[in-house]
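Read off the chains here:
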Amino acid sequence: MCDSRPFTRKSPPGARAMWASGDGFWELDLADGSAWFSDWFCPRFNSTEPAKRPAFSDLRALMSAETWDALLRMLRSHLEERTPLDTEFPVRLAQGQTEWWHMRGSAQRSDTGHPTHFAGCVRDVTAMRRAAAKSA
């Protein structure tokens, strides 16, 4: 996480595409609870420590209790009932500003249907929300 080295021939496939998208990507291993976050999250987590292995619960510090609880309900609903995970919510960054994130994701399941991994992306939709409010 938070590796700002330039791309090289040895960069993993997809690294340039993730960077160019302007979106944040995340993945959870549901067996051991470990998480991976793309560099997009670094300034938002206020972390530049490359060795830090964040947990999904690190997102909790960016949200109100109500937002966190609603997000957990949506994640559980996706895992248990296979409802789509496609939602927007506000986050409060360490620098004090509020961003609105649009999160989408999906679980990878074993042959028996048991969720093993959860992955998705986040996009900052703050500017789009402001523009929509101004035109309303």
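Before reading on, note that the structure itself is shown above.
Presented here is an overview of the structure given in this document. Note that the coordinates shown come from a computational prediction; the quantities given were computed from them, not determined experimentally. (Residues numbered from 1 in each chain as written. Predicted model: local features only at pLDDT ≥ 70, side-chain atom pairs only at ≥ 80, totals over all residues. Heavy atoms only, no water.)

Bringing the overall build of the protein chain into the picture now. When its secondary structure is counted, the protein chain shows 4 helices and 5 strands. For the protein chain, the succession of helices and strands along the chain, N to C, is α-β-β-α-α-β-β-β-α. The buried share of the protein chain, reckoned over its 136 residues, is 34%. In the protein chain, the share of contacts with a sequence separation of at least 24, taken over all contacts with a separation of at least 6, comes to 46%. Surface summary for the protein chain: the accessible area is close to 8,700 Å², and the carbon and sulfur share equals 53%. (Helix = DSSP H or I, 4+ residues; strand = E, 2+ residues; numbered from the N terminus. Buried < 20%, exposed > 50% of the residue type's maximum accessible area, 1.4 Å probe, protein only. Contact = heavy atoms within 4.5 Å. Areas by Shrake-Rupley, 256 points an atom, 1.4 Å probe, with all protein chains shown as cover.)

Another point: the packing of aromatic side chains. Applying the stated criterion to the full structure yields 8 aromatic pairs. Measuring from centroid to centroid gives 5.7 Å for Trp26 and Phe56, while their planes differ by 50 degrees, and the two rings are tilted. Here Trp26 is found in strand 1 (residues 24-29), whereas its partner Phe56 is found in the loop between helix 2 (42-45) and helix 3 (65-81), with 30 residues between them in sequence. Residue Trp26 is classed as buried on the basis of its relative accessible area, which comes to 2%. (Phe/Tyr/Trp six-rings, centres within 6.5 Å; stacked < 30°, edge-to-face > 60°.)

For Arg82, which is not glycine, the phi torsion reads 65 degrees and is therefore positive. Inspection of the secondary structure puts Arg82 in the loop between helix 3 and strand 3 (85-92). The exposure class of Arg82 is exposed, given its relative accessible area of 53%.

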